[in-house]
Amino acid sequence: MKETMVSVIIPIYNVEQFLNKCVNSVLNQTYKNLEIILVDDGSTDESGEMCDQLKKIDKRIIVIHKPNGGLSDARNVGLDAARGEYYAFVDSDDYISEDMIESMVNCAVRFSCEIAICNMVRFSEKNNVKPFYCPVHKEQILKNKDKFLTLNQPSVCNKLFKANLFEDIYFPKGKYYEDTFIYHKLLYRAKNVVLTGKDSYWYLERENSIVGGEQYTDRYFDFIEAVYKRMEFLLQKQVQPYAQEACLSLYAAVSNAEKYIKKNKNNENKFKRARQEFYLAYQQLMKSRKNITAKQKIRLIILRYFPAIHSKIY
């Protein structure tokens, strides 16, 4: 087990105040066979120089400097450089417990799982701490379709992946909610998933971060697109009941957009596309005879044909 290399990919952009804590938490792992890929995504603060200094103190660190292309592009560059048998992702303003990698590799190997998942804890810049994603508190194996239970938290940051799962799969460049675009594909390829039950990933909630700011802005349309692609994929692969759950998730997402996003000429086409994407979910749910009530179908009809009325009622 100790001979298995893990590639830890850390995309970096203007995080000079958080970077040392993040990287040191990876350097201090009890699991030592790591390559730590720091991808400086065109930082304009001291982050790039800090990466070069960190490289000097540990030969496991690889630094890549590139023009700014966004989080997905930085992760993709890291994937292309990675040589490990497993991949892990850490965001540069977060940190991990010292045994995170060891516990996940140990579980993945012992239980023959291609994905291992740990619990996530959220903390603020004021050091307020609360659970973020803690589905279990002891080891649990999810086999067959049960692995899709983890779709409710598609973040790649609290997970360890067998490298071959990423063959021909990349994060979508220029999109928000990039993990939601691909996690279902990785899950589908994995035979088994293991939950470690350990609180190992510490996620910083920042007001000016992608996920820490206002939710219902035009970038929310990327979330709708991601949920649509998840739904489309699961329907095509006939993964039930999770395909139907994805249809319901798309209904909720489009409903939120109609209710909370202010309409203007700039997002007119985005609303049009979201409504078109919702139509597939509408068709699937309206013909469903399982777990869809008459009241739910009425709500679907109102959103489909009278979205303004739906927003006022619901």
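Shown above is the structure to which this text applies.
Quick look at the structure, then. Computed from a predicted model, the values in this text were never measured in an experiment.

Quick look at the packing of helix H5 (residues 178-189) against helix H6 (residues 220-236)
Relative to each other, H5 and H6 sit at 20°, their axes nearing to 8 Å. Comparing the axis directions of H5 and H6 gives the class roughly parallel. Note that H5 runs across H6; the crossing there is right-handed. Across the interface between the two elements, Thr180, Phe181, His184, Lys185 and Tyr188 from H5 touch Asp222, Glu225, Ala226, Val227, Lys229, Arg230 and Phe233 from H6. Tallied by class, residues from the contact of H5 with H6 come to five nonpolar, two polar and five charged.

Here we look at helix H8 (residues 268-286)
Counted at 1.5 Å a residue, the expected span for H8 with its 19 residues is 27 Å, and the 26 Å between its end C-alpha atoms agrees. What H8 keeps buried is the set Phe271, Ala274, Glu277, Phe278, Ala281, Tyr282 and Leu285.

Things to note about unusual backbone geometry
Going from Gln240 to Pro241, the amide bond is cis rather than trans, its omega being 5°. Its location among the elements puts Pro241 in the loop between H6 and helix H7 (242-260). The phi angle at Tyr177 is positive, at roughly 55°, despite the residue not being glycine. By the secondary structure assignment, Tyr177 is in the loop between strand S9 (159-162) and H5. Positive phi, close to 65°, is recorded for Asn291, a residue that is not glycine. Along the chain, Asn291 falls in the loop between H8 and helix H9 (294-305).

Parameters and conventions
- Residues numbered from 1 in each chain as written.
- Predicted model: local features only at pLDDT ≥ 70, side-chain atom pairs only at ≥ 80, totals over all residues.
- Heavy atoms only, no water.
- Axes fitted to C-alpha atoms, helices over the stretch in contact; angles between N-to-C directions.
- Helix = DSSP H or I, 4+ residues; strand = E, 2+ residues; numbered from the N terminus.
- Parallel < 35°, antiparallel > 145°, perpendicular 65-115°, else oblique.
- Left-handed = near helix turned anticlockwise from the far one by under 90°.
- Contact = heavy atoms within 4.5 Å.
- Nonpolar A, V, L, I, M, F, W, Y, C, P; charged D, E, K, R; others polar.
- Expected span 1.5 Å × (residues − 1).
- Buried < 20%, exposed > 50% of the residue type's maximum accessible area, 1.4 Å probe, protein only.

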